Amino acid sequence: MSLFSERRVNRVLARLWVAAFFTFLLAPLVVVVVVSFGETARGGLAFPPKSFTLHWYTTIGREYLTALFASIAVAAGSVVVCVVLGVPAGLGLVRTRWRGKAALAAAFRAPVQIPAVVTGVAFLQFYYLLGDAVGWYGAGTWTGLLVAHVFIGLPYVIGSVVAVVQRFNARFEEAALILGASPWSVLRRVTLPVIAPGVYSGATYAFLVSFSDLPVALFLSSADVRTFPVLLFQAMDYDFDPTLLAVATIIIAASFVAMLLFQKWVGINALLRSGQ
Amino acid sequence: MNLPWQRFLLLPLVLSLALLIASQYVFLRGSLHADLGVGRLGDALTLANYRKLFTDSFYFDSLWLTIKLSAITTVATLVIGLPVAYVLARMRSRWGPVLLAVIVAASFVTIVIKVLGLNIIFATNGGLNRFLVGSGLLSAPITLIGKVEGVAVGLMYFTLAFLVILLYSVVLTIPRSLEDAAQSLGASRWRMHWRVILPLSLPGIVASGLIAFNLCMGAFTSAALIGAGKILTLPVLIQRTVIFDTKYGMGATLAVVLLLAGLAVNLISILVVGRLKVARGMTA
């Protein structure tokens, strides 16, 4: 084979393209991580830093940690509600014999089609109106934010459950029924364990949708109720505190660790299949 | 298996429909009422907001900018992402799953952090700009803040990782044996890509592209942070109209137009692709 055979040139081009892609994709993340360990001059944040320090990690402010934990709590809470509502909904959607199933599926998917900013304003106004009517004002409360995050996260859980139930081989269930199990115990001991990967990936998406949401939280936040993305957004607009880079680095590291754990326990393919 | 499946649906359906209708109805209804200032709406039904949107060039420009930016960034991300998705899907080495996991993990990180990183990279006193200006490649430092190009880059970061994941699953649906067949029949690799892979994956590419396009149309964070009040896409304008001007009526009108414009572009692309496929079928 000659040095410049078509095959070899193609392979080199493909590798260069993929390398360029990863450089582009990861550059902002790498920069945040590196600068978070950097000594910062008065003039602001610059890459590359002159020397390295752990200073920003030891001085992370209490309000940033509070916001980070609040983000995690809201995301976890909304995932629990999404799973409790989404698993029966996904099962019902595939198994029921209603004619209007397609319309129902579209209705469940609707929140994904609505831009997050619109969802944010809509919930804000809805909460004002609800407050005037029943005396409970949802805007600026954790419950209000959680309900809105359930709204935007639920389609992901339903979508992944539907995807996995559709591929599910009904013979396993039939076998268990023939062997004398009751339908409810088949559901609990056969169906649910088999569709579990779909539930995990749906829950992962719902968690991420909530954890990384800015637009919805921006409208529903208050001085006491602020998630980490909202805090970061406000800090970037006004005065920037380098310890935020340390918290951002923790989030980046956690994302990669979470991905590795998911791949190890559930398998990345479950995540890809339900992404459609 | 016979279980009361309809009953499974009842509670989730009632709850999500209630939230959908209650929130969207309350907000979008406002588009038909005049703004009286400080968040109050008039009682009479009117189309004045819509008339203003299509006659006032300020609003119309924003709509056009949003569609244009979303279309350009979607095409750019498709061009960048498609070869990557193909290479990853066909990779036999054990690095394949690792690279894929890195992309998925990158898509997990909130866009606010990515924009923060971009701001540091393109800081005027940053290493990149000092290098570019110092070496004489550029006369002035590049900045993203307040620039259309900057917002486009931000939008690309919003969708790129996710789009590659979608395209990866599209490529996986094309059997490798088809490629071997094309090549054993004498097609070059380029010809095989052009005549076999691309046509087969076109529906998937369009579907993934539309998902990315819709995400861009609704993208707030990168447009707001990088646009810095100078580049006003519709989502940014909606937020400013509601929060700073407290014009809920106009904000709702913009939201309706944003939803409809996105829907229209989706329908048109699906029709165009349907036509392409029909034409292809007739010549084949």
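Counting starts from 1 at the beginning of each chain's written sequence and moves along it residue by residue. Just so you know, chain letters begin at A and ligand numbers begin at 1, following the order they were written in. Thresholds applied to this predicted model are a pLDDT of at least 70 for local features of residues and 80 or more for the giving and counting of side-chain atom pairs; totals over whole chains, interfaces and linings are not thresholded and use all residues.

Draft legend 1. Focus on the overall build of chain A. From N to C terminus, chain A includes 12 helices and zero strands. We take the radius of gyration over the C-alpha atoms and set the globule estimate at 2.2 Å times the residue count to the 0.38 power. On C-alpha atoms alone, chain A measures out to a radius of gyration of 23 Å, which is more than a quarter above the 19 Å that the 2.2 N^0.38 rule sets for 276 residues. Here the C-alpha coordinates of chain A stretch approximately 75 × 70 × 30 Å along the principal axes. Exposure in this text rests on C-beta crowding, where 20 or more other C-beta atoms within 10 Å of a residue's own make it buried, 12 or fewer make it exposed, and counts in between make it partly exposed. The C-beta atoms are placed from the backbone. Here chain A, with 276 residues, has 44% of them falling under the buried criterion. Remark: residues whose backbone-derived C-beta atoms lie within 7 Å of one another are considered to be in contact. The contacts in chain A between residues at least 6 apart in sequence include a share of 74% that link residues at least 24 apart. Counting from the N terminus, the helices are the DSSP runs of H or I reaching at least four residues and the strands are the DSSP runs of E reaching at least two.

Draft legend 2. Broad picture of the nonpolar core. Only buried residues count toward a nonpolar core: Ala, Val, Leu, Ile, Met, Phe, Trp, Tyr and Cys, linked into one set through C-beta atoms within 7 Å. In this structure, V32 and V161 of chain A together with V164 and L167 of chain B are the most contacted members of the largest nonpolar core, which totals 160 residues. Broken down by element, this core gets its largest block of residues, 18 residues, from helix α7 (residues 148-172) of chain B. Both domains that meet at this core, namely domain 1 (25-58) and domain 2 (63-273) of chain A, each give it at least three residues. Contacts of V32 of chain A, omitting those with residues within four sequence positions, involve L245, A248, T249 and I252 of chain A together with I113, L116, G117 and I120 of chain B. For the domains described, the bounds stem from an automatic or database domain assignment.

Draft legend 3. Structural view of the pairing of strand β2 (residues 40-45) of chain B. Residues and elements named next belong to chain B. Judged by how many residues are buried, β2 sits mostly at the surface: zero of six residues are covered. Relative to β2, strand β1 (residues 33-37) runs antiparallel, the two sharing three bridges. Paired with H33 across the bridge in β2 is L45. Turn length for the β1-β2 hairpin, with the two strands adjacent in sequence and antiparallel, is two residues, and the turn residue V38 shows positive phi of about 40°. For two strands to be treated as a pair, DSSP must find no fewer than two bridges joining them.

Draft legend 4. Representation of helix α1 (residues 6-36) of chain A. Given the number of residues in a helix, its expected span is that number minus one, multiplied by 1.5 Å. For α1 of chain A, built from 31 residues, the straight-helix expectation of 45 Å at 1.5 Å per residue is met to within 8% by its first-to-last C-alpha distance of 45 Å. All buried positions along α1 of chain A are accounted for by F21, L25, P28, L29, V31, V32, V35 and S36 of chain A. On its buried face, α1 of chain A is in contact with α2 (55-58) and α11 (243-265) of chain A together with α3 (57-90), α4 (95-108), α5 (111-121) and α7 of chain B.

Draft legend 5. Representation of the domain arrangement of chain A within the structure. All names here are of chain A. Assigned domains within chain A: domain 1 (25-58) and domain 2 (63-273). Its C-alpha centre places domain 1 at a distance of 33 Å from the equivalent point of domain 2. Each partner contributes residues to the interface: domain 1 has nine residues there, and domain 2 has seven residues. Listing elements by their share of the side of domain 1 that touches domain 2, those giving two or more residues are α1 and α2. At five residues, α1 tops the list of elements feeding residues into the side of domain 1 that touches domain 2. Think of it as three bins: nonpolar holds Ala, Val, Leu, Ile, Met, Phe, Trp, Tyr, Cys and Pro, charged holds Asp, Glu, Lys and Arg, and polar takes everything else, Gly as well. For the side of domain 1 that touches domain 2, a count of residues per class yields seven nonpolar, two polar and no charged.

Draft legend 6. Expanded view of the interface of chain A and chain B. Contact with chain A, which involves 75 residues of that partner, is made by 67 residues of chain B. Broken down by element, the residue count for the side of chain A that touches chain B peaks at 14 residues, all from α1 of chain A. Looking at the side of chain A that touches chain B residue by residue, the class counts come to 60 nonpolar, 12 polar and three charged.

Draft legend 7. Expanded view of unusual backbone geometry. Residue and element names in this part refer to chain B. Non-glycine residue A228 carries a positive phi angle of around 50°. Here A228 shows up in the loop between α10 (221-227) and α11 (234-243). The residue T246 is not glycine, and still its phi comes out positive at about 45°. Tracing the backbone shows T246 in the loop between α11 and α12 (248-283). Residue class for T246 comes out partly exposed when judged on the 14 C-beta atoms lying within 10 Å of it.

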